[in-house]
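# A structural walkthrough
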Amino acid sequence: MNKKPFIPAVLSAVLLSAAFVCGCSKTEQSGSLPAPTVNAITVIQQDLPWNIEYPAQVAGSLEIQIRAQVGGILQARLYNEGEYVKEGTQLFQIDDKEYKVALEKAQGTLAQAQAEERRTQRTYARMKRLRADNAVSQQDYDNALSAYETAQANVKVAKAGVSDAEINLGYTKVTAPISGIAGKEAQSVGSLISPAGESGFLTTMVQINPLYVNFSMPSRQFEKLAAGFVSGQISIGSESQKDKLDANKYRQTDVADVPMYVEVLLNNGKIYPQKGKIIFFDSTEDTQTSSLAMKAEFANPTNSRALMPGQFVRVRLVGAIYKNAILIPSSALLNTSQGLVAYVIDQNDTVSARPVQAQLQDDMYIVTDGLKAGDRIMREGLIKVRPGQQVQVAMQDFKVGAEKEEEAVLNQDGRSVAALEKEIESSEAPDAQSLPADAASASSEAAAQPAAPAEQASAAQNEQPAAAAK
């Protein structure tokens, strides 16, 4: 009777022991999970070209309006809209009949004045001889002299009238004041135009050699560039270029001798063949955009249309070099509310979070504080691990510009990656007629092979109803 209560107690003890053993085994299993594998790189230190890019807009070096300087009926347009015309080429013809008449009238007035001048000259010469002999009074001599001088003045007025009439007649032929691209006509042939009103506007012209590219540099970036240059951390050009450069002759200096030049990145990914130089740098900051306006000049000796006025492009400042820069890829930093953080891996392969100060350029960070050359850091997947966790490290090579090599291969024909992907998606498989002979024979052999068991069973099921019908 006393032995029965002992059995439940023994069973309870056994069950508790089993539960404890199971819990311990689970704990041991969870603790024995392998450490995750992470990709890591070694922080490098080297000189980095600081090629800064900005959005920009192209403009002609001269953009002028062509206006009529005399009124009349517009008789003809003598150029093709949008074509390149040379200086002096006639663009429009205005009715010149009344201006020819005005010129003839002015010439007639001049002839009358010249005739009167000759008459008064003879009278004055005669009076001068008679006055020497006291044959005429002083009053008659003075009158003859005054008449001759008045006639001379009238000749000058008449000549000015002829010149004015010739100028107005010349204005009936509207010519190109510069060499450049002539725009669309603003007034159609047959319109009555007036130089004083809006009807006097005929077209526009743009000079495309050289071209101007306008852009703005953020003030904060200018401060970093200036501070880095003063401290020696950023070098602009070589010493030989700096010695050659004369501030007073900057516009006449060859681009090859300029310490910092400008490149234009076209929309197709290519670089405009001509290099530009900065010819304008605003001395005041734009308070609305916190930037400084800049202008670069590009030669266009062939007057090509690769760059057109009004076109939006991107420009790159080339020539600044960041000395001994600490470099890491852009994926190696985690942007948190406290700032940028890098996951550093120590000698025991343990991850630790370290705050970093850096500035982004292209696809990498230039680290100014927090890391040094030789540190091992996680390259990607920072959100998958936590500080203090031990990991398995898979080291990878990190080189400046390596991330862009694949994209450069895709862009070597001038097409963008998006365009190539769209072309791949829209491509179709060749039809049977375009298959090679080997592929065609292979497809015929496949058709001659017996059907699969499932296909044979399906064919047998279709034959049974036909046999029953017979």
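Residues numbered from 1 in each chain as written. Predicted model: local features only at pLDDT ≥ 70, side-chain atom pairs only at ≥ 80, totals over all residues. Heavy atoms only, no water.

### Examining helix α2 (residues 97–132)
- Given a rise of 1.5 Å per residue, 36 residues ought to cover 52 Å, and the 53 Å separating the end C-alpha atoms of α2 matches this to within 8%.
- Within the sequence span of α2, burial applies to Tyr99, Leu103, Ala106, Leu110, Ala113, Glu117, Thr120, Tyr124 and Met127.
- Elements that come into contact with the buried residues of α2 comprise α3 (138–171). (Helix = DSSP H or I, 4+ residues; strand = E, 2+ residues; numbered from the N terminus. Expected span 1.5 Å × (residues − 1). Buried < 20%, exposed > 50% of the residue type's maximum accessible area, 1.4 Å probe, protein only. Contact = heavy atoms within 4.5 Å.)

### A word on the confidence of the model for the protein
- Averaged over all residues, the pLDDT of the protein equals 79, while 74% of them reach at least 70.
- Here helix α8 (residues 437–448) stands out as the element of the protein with the lowest mean pLDDT, 40, in contrast to strand β6 (residues 90–94), whose mean of 97 is the highest.
- Note on residues 239–253: pLDDT is under 50 here. Beyond four places in sequence and across chains, it has 24 contacts.
- Predicted confidence is poor over residues 427–470, with pLDDT under 50, and the contacts of this stretch with residues over four places away or in other chains come to 1 contact. (pLDDT = per-residue confidence, 0-100.)

### Quick look at the sheet that holds strand β9 (residues 192–193)
- Pairing is antiparallel in the open sheet, where 4 strands are placed in the order β7-β6-β4-β9. On the outer flanks of this sheet lie β7 (173–175) and β9, each paired with one strand and no other. (Pairing = 2+ DSSP bridges.)

### A word on unusual backbone geometry
- Along the chain, Asn209 connects to Pro210 via a cis peptide bond; the corresponding omega equals 0°.
- For Pro210, the position within the fold is in strand β10 (residues 201–218).
- Its identity as a non-glycine residue notwithstanding, Asn134 has a phi of 60°, on the positive side.
- Of note, Asn134 is situated in the loop between α2 and α3.
- Owing to a relative accessible area of 63%, Asn134 belongs among the exposed residues under this scheme.
- Positive phi is not limited to glycine here, since Asn303 has a value of about 55°.
- Along the chain, Asn303 falls in the loop between β14 (291–298) and β15 (312–318).

### Some thoughts on the pattern of salt bridges
- The final tally for this structure, using the stated rule, is 11 salt bridges.
- The salt bridge partner of Asp375 is Lys372, with a shortest N-O separation of 3.1 Å.
- By relative accessible area, which is 51% here, Lys372 ends up exposed.
- Where salt bridges share partners, they join Glu53, Glu263, Arg314 and Arg316 into one cluster. (Salt bridge = Lys/Arg side-chain N within 4 Å of Asp/Glu carboxyl O.)

### Examining the environment of Val206
- Looking at the secondary structure, you find Val206 in strand β10.
- Each C-alpha atom of the pair Val206 and Ile64 lies 6.6 Å from the other, and the pair is 142 residues apart in sequence.
- When neighbours within four sequence positions are excluded, Val206 is seen to be in contact with Gly60, Leu62, Glu63, Ile178, Gly180, Ile181 and Pro309.

### Concerning the nonpolar core
- By size, the foremost hydrophobic cluster in this structure holds 51 residues, and its most contacted members are Val264, Ile328 and Leu371.
- Counting 26 residues, the second-largest nonpolar core is a separate cluster that includes Ala68, Val70, Val85 and Leu103. (Core = buried A, V, L, I, M, F, W, Y, C linked by side-chain atoms within 4.5 Å.)

### Regarding a positive patch on the surface
- A surface patch of like charges, here positive, comprises Arg118, Arg122, Arg126 and Arg129.
- Relative to the elements of secondary structure, Arg122 occurs in helix α2.
- Take Arg122: its relative accessible area is 52%, and that puts it in the exposed class. (Patch = residues over 30% accessible without salt bridge, like charges linked within 9 Å, V, L, I, M, F, W, Y side chains within 5 Å. Areas by Shrake-Rupley, 256 points an atom, 1.4 Å probe, with all protein chains shown as cover. Lys, Arg positive; Asp, Glu negative; His and termini not counted. Charge placed at Lys NZ, Arg CZ, Asp CG, Glu CD.)

### Considerations on the packing of α2 against α3
- In contact at an axis separation of 7 Å, α2 and α3 are set at 160° when each is read in the N-to-C sense. The orientation of α2 relative to α3 falls into the category roughly antiparallel. As for the relative orientation of α2 and α3, their crossing is left-handed in sense.
- Across the contact of α2 with α3, the residue classes tally to 19 nonpolar, 11 polar and 8 charged. (Axes fitted to C-alpha atoms, helices over the stretch in contact; angles between N-to-C directions. Parallel < 35°, antiparallel > 145°, perpendicular 65-115°, else oblique. Left-handed = near helix turned anticlockwise from the far one by under 90°. Nonpolar A, V, L, I, M, F, W, Y, C, P; charged D, E, K, R; others polar.)

### Observations regarding the packing of aromatic side chains
- For the coordinates displayed, the defined rule picks out 7 aromatic pairs.
- Ring centres of Tyr124 and Tyr141 lie 5.8 Å apart, and the angle between their planes is 40°; on these two criteria the pair is classed as tilted. Taken as a pair, Tyr124 in helix α2 and Tyr141 in helix α3 lie far apart in primary sequence, 17 residues in all.
- Its relative accessible area of 15% is what places Tyr141 among the buried residues.
- Ring geometry for Tyr272 and Phe298: centres 6.1 Å apart, planes at 75°, overall edge-to-face. Separated by 26 residues along the polypeptide, Tyr272 in the loop between β12 (261–265) and β13 (277–281) and Phe298 in strand β14 bring together distant segments of the chain. Considered together, Tyr272 and Phe298 belong to a single accessibility category, that of buried residues.
- Taken together through their ring pairs, the aromatic side chains of Tyr124, Tyr141 and Tyr148 make up a single cluster.
- Above the ring of Tyr79, the side-chain terminus of Arg77 is found at 5.7 Å from the ring centroid. (Phe/Tyr/Trp six-rings, centres within 6.5 Å; stacked < 30°, edge-to-face > 60°. Lys NZ or Arg CZ within 6 Å of the ring centre and 35° of its normal.)

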